[in-house]
Each structure stands twice: as C-alpha cells, then as structure tokens.
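# Survey of secondary and tertiary structure
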Amino acid sequence: MPLSGLVIVLLACACADGGEQTSSAPLVNDKAPAPSRELKYLIFWSDPEKAGELAERIGVKGDGKTRLLGFGLPNATYELEDQLPNRIRSAFAAARKHEMAVMLHFDFHQAWKSRPDLWNWFDPGKPGYNPNNKYNVEWQGWDGPPNKVRYLNDGVLERLPPNMCFTSGRTRAEVTRIVSKVIAPVLREEIARLKAEGKEALFAGVVVGLEPSIDDYSQSDPERTKMMEEDGVPARPLGYRALLDRGFSAAKPPHDFRKVLAGIVQETVAFWCEQFVEAGIPAEKLYPHVAAPAPVEMRNAPIWTAFNKYSRPGWTTYPIDVLGESFKPIYDELQKHGNPAWAGVEANAGMPGSLVDWETYLAWHYNHGCVLVGVNTGATGTDLPTRLCQSAYGTEAIAAYRKFLTGQPLVEKASSVERWQVRVERIQAKMKRVRAGIERWQSSGKDPSAVGKLMEGAQPLGSAGKLRELEKLVDQALEILGETEKEPEVSRQK
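Residues numbered from 1 in each chain as written. Predicted model: local features only at pLDDT ≥ 70, side-chain atom pairs only at ≥ 80, totals over all residues. Heavy atoms only, no water.

Let us look at the sheet that holds strand β9 (residues 314–316). With respect to topology, nine strands assemble into an open sheet ordered β7-β6-β3-β2-β1-β11-β10-β9-β8, the strand pairing being parallel. Two strands in the sheet have a free side with no partner beyond their single neighbour: β7 (286–288) and β8 (290–291). As judged from the four bridges shared by strand β10 (residues 342–347) and strand β11 (residues 370–375), these two strands associate in the parallel manner. Along β11, the bridge assignment pairs Ala347 with Val375. (Pairing = 2+ DSSP bridges. Helix = DSSP H or I, 4+ residues; strand = E, 2+ residues; numbered from the N terminus.)

Here's what the structure looks like:
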C-alpha cells in the first residue's frame, strides 16, 4: 500500500474506531486491586540534604496517617560499601528533622566497577584479574565466550563492567555479607529508634535491586550493535552461565529459554530480598525493582518476576510500551497473586512517548492497591534528565501531588480523542520519514524491498485501529532504514 494511502487509513480510523479512543485504564476494572487503606507514600529520589527544599516545593507533606511525602536515597552498593552506614544514618536523620518518610535503594548487580576482583577474568594487566572470575559473569554460549562489557542506555548508551551471573556463588556470598554485616545492623538500629519515638511511619522501606535482567544482545539495536562491533562482542543472547549453573547444557537445553531465564531472575530477586528478611527487616517493607515497561525480549525479566515470598512486588512504572495505555498488565499479575500491596518504585509521567496526565498516572497507582510511588528524575545525558525534572516538578504534577497528599480522590481520566489524535499525528510524522528514507535508498541504488514487505502489515493494523502495534511496525521500518530517533530503554535515579 502506498505510504500516502496509509495516512488516509489512519485518519479514517480516528473517526471510525471508537474503541481505541477509550482504551486507557477505565475507572472500573474488576481485575484491578482495590485501593489499600494503609499509609501511602509519595517518594522523590533525591539527596536527603534537599529534603527541606523538596517539602517546600511540593507544599504539603500529608497527614502522616494516610498519606506521607518522603525522599529516597539510591545506593550503588558495591561502589559505596564503606560509606553505607553513614549514608543510612544521615538519611534517617533528615527524615526526623523534616518529619518526612525515608526510603533506601540498594543495587546489587549493575554498579560494580570497583569490584574487578569479581568480574575481571580477561585482563592480566588490570586489578582483580582471576581467570575463575569468568564464572561470575554471564556467557554468550554454552562454551562461552564470557561477557566482557555490558551496554546500558539510561539516556545515553554507555559501557559498563560485564553482566553479572546471578547464580554465581561468589556474587551471592557478597550480597549476603554486605546486607548482613554492613547494611542491616545500622538499618535495624534506625528502625528501632523510630519505633521508640513513635515515628515508625517515617520508614517507607527498601528497594532491592536495580532492574535486574539477563540481556539479549542478539536483539536489533543499531547504536548498540555498532558499539558491540567495535568491542568484538558477539550478537548473541546472554544467560548460558546461569543455565549451566542450574543443570542445563548444550545436550540438555531448556525447553523454553526465555521462561527459564526469567525464572532465574525471579529466584535471584527473591534471594536478595531474603537476605534482608534474614537480617531482621520486615518483608512488607521490601520492594524489588523490576522494569515493567521494558521489552521482555531485551531483558528476560517479565512483570511476574517481581513476586516472591520475601517482599511486596515493585516495578518501574513509566507509562510507555506495555504500560502506555493502562496498568492492566500489572493489575492482571497482581490478581494472579492475590492482589498484594505494591509499589511503583521508579515513576514519571514525563517519559518520552507518554500520553497520560499526572493525576491519572498517580491514580493508576494509588487507586489500585499501590502504597508507594517513587518519582525519578535521574538519567544519563542532559536531555532526558531535563525532561523528567520539568515534568515531575511542573504545574500539573504539583497539583496532582497536592491532591493526593491532602486526601482528595484521584480521578482517572478516560483516554480522550485529543490524546488519541496525538498518537495518530506522531505515526503520520514517522510515516513521512519512512517514505523519505525509502526514496533516499532508491536514489542511492539501495533496495528497500525489505521495508516494503514489512509495511504490508500496516494497512490491516491501521484499519483495525491498532495504533500501538502500527507504531511499533513503523518504528521497525525506520530502524531498518537507519532513521531511528532512539529513545532510551528506561531511566532511573542516579
């Protein structure tokens, strides 16, 4: 179908398909968990020293019984091990001073640059070298190679130390040691002090982990592929080391590769949370950090990996990708697990691609069993952090926060024709770029037939009003043409 013809189809869909216009989260959802009656927290990931400034900016803290404003302190656990006790004490001191909630976050797998004694298996000339460290990092095949570098896009694509093998005995022993000997003694002391003062509500909890995943580098990503080629990293899935540790092999492969890897992610998250419970921290104050909107194909960490018996579930809840129209995927998983209280531990309605307003976004959380939302403004680069910050502290957001903190009902607005039209216009703009890209290929002698074949699926999607699926297809065409304006996979507090 000619590209100009597809634009006409899109415009026709705007008038003909009423279902797409109201596909956002409905006010009544018999599968969605009911609002929790316990104290609910609104947390901002920021420096404890800025707690007073935060309270002034928001303008209201809540009554401390049903609603409470607070701050969250992220910790790169391995990088900051020696500083952790003082960081914890300072955070609790700020909470007492400002009568605000405090939350702590501990990363156990991503930021481990300072621990080459765990990951440097490949460079004898660098600190920490030990060939046996290959068992602590992920492999890209049954016989290797072990991974040397991880790629992560939190606004800007960057290289990190190798992907950790979650089943490694050494890395798990380090988690146990740091939680039991470094974190928990101070944390127990501070929680007990709050309780003695009658201020236990000031402790919002602990976020455990930082979007754990077993990456798949066979997935198409032009920017990352270029970097991998420079580094000599094969375009293959990761996860073989963990599979070997769990008894699989080339002769005995898993029946469902992704499902088994996802199970390993879930079991690892449970292990991390268990260390806190064993150290005396209540399970109801623990939340994993699973990236709900991230593509499963890229991370092997679906929504259900956040459930375990040692914590409540917690997710990154940016309103994009599978969460772009509603939180139904989360509600469905909660329903399967008895509708426990849960948290959106990393949230912001201002992510690129989001169409939801702040009040509706908060309502998708708090109206459906969520007890904590952690607003994030951190990312790499400059553009994305600026965008997130402007959204999180904009007039619309502040009004929504104040409405929540003063106990007023949050209204979930149905998806409007105006919002739907924004998506239509965005797809139309992308379609023009596809057409221009095809024309450039043709003029330079390149064959665009692969793009044309892909675009054969556009007409039925447009006619059915399936705009989300259609936009993904158009994005694939742009990627093939090298016309992608890449948006980051996800961002987080730094």
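What follows picks up the thread again.
Structurally, the position occupied by Phe248 is in the loop between α8 (240–245) and α9 (257–278). In the structure, Phe248 is positioned 106 residues away from Trp142 in sequence and 9.2 Å away in space, judged by C-alpha atoms. Discounting chain neighbours no more than four positions away, the residues touching Phe248 are Trp142, Leu243, Pro253, Pro254 and Val260. (Contact = heavy atoms within 4.5 Å.)

Relative placement of two packed helices is described by the angle separating their axes and the distance separating the axes. Contact geometry for helix α12 (residues 358–366) and helix α14 (residues 395–405): axes closest at 8 Å, N-to-C directions at 40°. When the interaxial angle is binned, α12 and α14 end up oblique. Classified by chirality, the crossing of α14 by α12 is right-handed. Mapping the contact onto sequence places Trp358, Glu359, Leu362 and Tyr366 in α12 and Glu396, Ala397, Ala400, Tyr401, Lys403 and Phe404 in α14. Partitioned by chemical class, the residues of the contact of α12 with α14 number seven nonpolar, no polar and three charged. (Axes fitted to C-alpha atoms, helices over the stretch in contact; angles between N-to-C directions. Parallel < 35°, antiparallel > 145°, perpendicular 65-115°, else oblique. Left-handed = near helix turned anticlockwise from the far one by under 90°. Nonpolar A, V, L, I, M, F, W, Y, C, P; charged D, E, K, R; others polar.)

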